[in-house]
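Each chain, letter by letter, is given below.
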Amino acid sequence: MIKIVSSLLILFCLSVNLQAENGHALWLRCQSSAPVSVVCSKKSIVTEIARQELLNGWQGQPGASVKLIVKQDKEVKGDGYKLTPEGVQANTDLGVLYGVYDLLRHQQTGETINPGVFNPSYERRVLNHWDNQNGTIERGYAGRSIFWRNTKDSLNVTEADKKLWREYARANASVGINGAVLNNVNANADVLTDVYLKRVKAIADEFRPYGVKVYLSAKFSAPSQVGGLATCDPLDPSVIKWWQAKVKEIYAIIPDFGGFLVKANSEGQPGPQDYKRTHADGANMMADALKPYGGIVMWRAFVYSASDNDRAKQAYEEFLPLDGQFRDNVIIQVKNGPVDFQPREPFSPLFGAMKKTSLMPEIQITQEYLGHSIHLVFLSTMWEEFLKSDTYQEGEGSTVARCTDGSLFPQKHTAIAGVANVGLDVNWCGHQFAQSNWYAFGRLAWDNKLTSGQIADEWLKLTFKRTVVENSDWQTNFLTPVKQMMLDSREAAVNYMMPLGLHHIMSANEHYGPGPWWAPKKMRKDWTPPYYHQADSVGVGFDRTHAGSDAVSQYHEPLHTLFDKEQTCPDEYLLWFHHVPWSFKMKNGRSLWDELCYRYNKGLHQVRDFQKIWDTVQPYVDEERFVQVQSKLRSQSRNAQLWKDGCLLYFQQFSKMPIPYEIERPVNNLEYLIRNDTTRHQNYEQ
Ligand code: GCV
């Protein structure tokens, strides 16, 4: 009997998946199910969803009985859960739902289910959408916003809107994401007005059953812009009153509103410093207004000014002196690196340095600097590298993960944010493989100790497996090579874009192709690549040693000394911390110039290999997704060639050294690349 049911199950899955797939179902594709009976100790909208998910997706013993129990247990924290031989137990309804998704994930990936307790690393696992109210998305590469549009009836809530929001919330819940900031950090104050708040409420209503809270980016100047006040001084009683009233109004319609995200005094945004107040004054004023309702303020530390001698140092310099001055419902949101989501940066030295303030990492899921939705880059390895970086703030083992998840310093709230890569594109993320980054963010936010290998394995099985039980042929010919491609993809991007610690050398403001030459006369220096690479006849790289900008001193020992010396600085960060002579002898014996040539060349060849790998897996992938990925890889390959040619030919003007003869010659001329700089992106988007 079991055999018959399993065969039917396989047949059903096969027939579902032989149809074209467009990627809209994400990692939640498998609908086949074996019969199961589900008993739940508590009835609620959330537990009903949990029950339905089990009924629709059960892959275990046919006819089994599963118990879902909501019961207090000291071992279980927050919305964590316990997997037991009988089913799922949790303190909250949401915990039960998370447990059910985990159970199903195990079944669908064929992993053994080990009973145990699974608690989240962070209390708040939040997506930041940089969506504008006119429907565009800053740094979005997957179509327009799923929340906002600029048609005539833009604020009408349709059934199609609600369906999409529910699908989005379900996808988030399935990986443990429990919050979403619905609008751009470069905020438009109108979002806090009545008409927009009605739409926010409608979104919150669809999210609620899946445990996803809504948050808003709040413009610091809102009291003037939409409140008509003469000032936005955070210590002014009228301003304090305005925010209190605004918060009260929001909670009256959205009782579980999460709180505000604020970008202040950064890149032209208003903030407390406009009134000679500190970041703490500004954040605390908002935090006080939110406190009675349980809301939080996520205050960004992404600050830098044109006049500073090293942009990488500024967040630390501005925020560290404020340690201990923030209310306990303020969390300082810090980008992973000290500059800006580059393909590789050392971790921001603020992590661990602020010991009396809650800090949350901000990572970027949307690929602003990593090839938009054209390049296949699995970002999990980058985030894993970051979370596992040792800050040494409390001795060895003080990883970024531990400095932010509450295990090293007491934190009232813990959180992690990811800048979303979601838009109206049918596959949500623009590139089928970009979905894996959304997935990976959720999984790492839930468990910051997971490995990228495990995440890639899970995602590939859930996203591409055609039957419940794939044969070993699939494992060998699809899973193994494609997983390896994913795991290598970030390092490949670093190699063909910005190896050896180079950073911020992309073209213009679109941040796609190479542009180490890009430096319009009137442009702020710290927005142009030459500020970062500092290439000259002597060498290349930014001197951040004690003899240079001294950014190294923001790192705790032993990192301070390690980074400070060319000989001990890891190759990956060499040109981040040092201005290195072209003929400098690398650890492997090559000159810096030769090594640069090898790295760029290697990156390009890695992408060409990805093309080959993908072509070999054609028999295992449905036509639509296969062709899409194949075509994107072609664009990526052409773009990698531009990066290699553009950067090597540009830097060669300074090094005056030959490209090693065993390396392929450039196929583009530098003058051509520079001349076509601004239009190139469009040409390669096809
Ligand atoms: C939302 C970078 C991006 C900006 C972004 C900013 C930020 O500068 O290029 O588009 O603005 O970071 O994180 O605030």
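This write-up is about the structure you can find in this document.

Each value, and the rule that gives it
- Once a new chain begins, its residue numbering starts again from 1 and follows that chain's sequence as written.
- In keeping with the predicted nature of the model, local features appear solely for residues at pLDDT of at least 70, side-chain atom pairs appear and are counted solely at 80 or more, and the whole-chain, interface and lining totals rest on all residues.
- As a convention, hydrogens and water are excluded, and side-chain values are obtained from all of the structure's heavy atoms.
- Numbering of helices and strands runs from the N terminus; a helix is a DSSP stretch of H or I covering at least four residues, while a strand is a stretch of E covering at least two.
- The size measure is the radius of gyration over C-alpha atoms, and the globule rule it meets is 2.2 Å times the number of residues to the 0.38 power.
- Note on exposure labels: buried denotes an accessible area under 20% of the residue type's maximum, exposed denotes more than 50%, and partly exposed covers the range between, all computed with a 1.4 Å probe on protein chains only.
- By the convention used here, residues are in contact when the closest approach between their heavy atoms is within 4.5 Å.
- Accessible surface area values rest on a Shrake-Rupley calculation with a 1.4 Å probe, where residue burial reflects the displayed protein chains alone.
- DSSP-based pairing: two strands are paired if at least 2 bridges between them are found.
- Lines fitted to the C-alpha atoms define the axes, with helices restricted to the stretch that makes contact. Angles between their N-to-C directions range from 0 to 180 degrees.
- The cut-offs work like this: below 35 degrees is roughly parallel, past 145 is roughly antiparallel, 65 to 115 is roughly perpendicular, and the gaps in between are oblique.
- Each residue gets one of three labels, nonpolar for Ala, Val, Leu, Ile, Met, Phe, Trp, Tyr, Cys and Pro, charged for Asp, Glu, Lys and Arg, and polar for the others, Gly among them.
- Any residue with a heavy atom positioned within 4 Å of a molecule or strand is treated as near that molecule or strand.
- Here a polar contact is taken to be a pair of N or O atoms separated by no more than 3.5 Å, where protein atoms must pair a possible hydrogen donor with a possible acceptor and residues adjacent in sequence count only if both atoms sit in side chains.
- Stacked, tilted and edge-to-face are the three classes applied to pairs of Phe, Tyr and Trp rings, where Trp contributes its six-membered ring and a pair requires centres within 6.5 Å; stacked means planes under 30 degrees apart, edge-to-face means over 60, and tilted covers the rest.
- In our convention, an over-ring charge means Lys NZ or Arg CZ found within 6 Å of a ring centre and within 35 degrees of that ring's normal.
- For the purposes of this section, nonpolar cores are sets of buried Ala, Val, Leu, Ile, Met, Phe, Trp, Tyr and Cys residues that join through side-chain atoms within 4.5 Å.
- The term salt bridge refers to a pairing of a side-chain nitrogen on Lys or Arg with a carboxyl oxygen on Asp or Glu at a separation within 4 Å.

Turning next to the overall build of the chain. For the chain, the helix and strand inventory stands at 21 helices and 15 strands. Expected size for 686 residues packed as a compact globule is a radius of gyration near 26 Å; at 25 Å, the chain falls within 12% of this value. Expressed as lengths along the three principal axes of its C-alpha atoms, the size of the chain is roughly 75 × 70 × 55 Å. For the chain, buried positions account for 61% of its 686 residues. Taking contacts inside the chain between residues at least 6 apart in sequence as the whole, the part at least 24 apart equals 71%. Element-wise, carbon and sulfur atoms account for 53% of the exposed surface of the chain, whose accessible area totals about 25500 Å².

Strand-to-strand pairing in sheets goes through backbone hydrogen bonds, with the strands running parallel or antiparallel. Reading around the circumference, 6-7-8-9-10-11-12-13 is the order of the eight strands in this closed barrel, with parallel pairing throughout. Averaged over all adjacent pairs, the angle separating strand axes in this sheet is 25°, with direction ignored. Pairing geometry for strand 6 (residues 124–128) and strand 7 (residues 179–181), over three bridges, is parallel. In the sheet register, Asn-128 faces strand 7, and the bridge partner there is Val-181. Each of strand 9 (259–262), strand 10 (296–300) and strand 11 (330–335) touches helix 8 (residues 279–290); the most contacted strand, strand 10, lies at about 160° to it.

Glancing now at the packing of helix 3 (residues 93–109) against helix 4 (residues 159–174). If you want to describe how two helices pack, look at the angle between their axes and the distance between the axes. At their nearest, the axes of helix 3 and helix 4 sit 9 Å apart, and the two run at 75° to each other. Between helix 3 and helix 4, the interaxial angle falls into the category roughly perpendicular. Where helix 3 abuts helix 4, its residues Leu-97, Tyr-98, Tyr-101 and Arg-105 lie against Arg-170, Ala-173 and Ser-174. Partitioning the contact of helix 3 with helix 4 into residue classes produces four nonpolar, one polar and two charged.

Moving on to the site of the ligand. Near the ligand lie 15 residues; those nearest to it are Glu-138, Lys-263, Arg-300, Lys-335 and Glu-368. Note that an oxygen atom of the ligand is positioned 2.9 Å from one of the side-chain N or O atoms of Arg-139. A distance of 2.6 Å is found between an oxygen atom of the ligand and a side-chain nitrogen or oxygen belonging to Lys-263. Its free accessible area being 330 Å², the ligand has 95% of it covered by the protein chains. Of the residues contributing to the shell around the ligand, the split by class is four nonpolar, three polar and eight charged.

Let's shift gears to the packing of aromatic side chains. Going through the model one piece at a time under the given rule, you end up with 40 aromatic pairs. Aromatic pair Tyr-98 and Trp-446: ring centres 5.1 Å apart, planes at 70°, arrangement edge-to-face. Of this pair, Tyr-98 sits in helix 3 while Trp-446 sits in helix 12 (residues 435–446); the two residues are 348 residues apart in sequence, bridging distant segments of the chain. An angle of 90° between the planes, with centres 6.1 Å apart, marks the rings of Phe-220 and Trp-299 as edge-to-face. With Phe-220 in the loop between strand 8 (213–217) and helix 6 (222–225) and Trp-299 in strand 10, this pair connects stretches of sequence that are 79 residues apart. Three or more aromatic residues link up through ring pairs in this structure, and these residues are Trp-27, Phe-147, Tyr-168, Phe-207, Trp-428, Trp-438 and Tyr-439. A cation sits over an aromatic face here: Arg-544 above Trp-576, 4.8 Å from the ring centre.

This next bit is on the nonpolar core. Formed by 209 residues in total, the largest nonpolar core has its most connected members in Phe-260, Trp-614 and Phe-651. When residues of this core are assigned to their parent elements, the largest contribution, 11 residues, is made by helix 19 (residues 623–655). Ignoring anything within four residues of it in the chain, the contact list for Trp-614 reads Phe-433, Phe-464, Phe-478, Val-482, Met-485, Val-621, Arg-625, Phe-626, Val-629, Gln-630 and Leu-633.

With their axes 9 Å apart at the nearest point, helix 3 and helix 13 (residues 452–464) run at an angle of 75° to one another. Between helix 3 and helix 13, the angle falls in the class roughly perpendicular. From helix 3, Arg-105, Gln-108 and Thr-109 reach across to helix 13, where they touch Glu-458, Lys-461 and Leu-462. Looking at the contact of helix 3 with helix 13, its residues break down into one nonpolar, two polar and three charged.

Moving on, we get to the pattern of salt bridges. Taken as a whole and judged by the stated rule, the model has 47 salt bridges. Here Arg-311 makes a salt bridge to Asp-340, at a shortest N to O gap of 3.8 Å. Linking Arg-311 in the loop between strand 10 and helix 9 (314–319) with Asp-340 in the loop between strand 11 and strand 12 (358–364), this pair joins segments that are 29 residues apart in sequence. With relative accessibility at 3%, the residue Arg-311 sits in the buried group.

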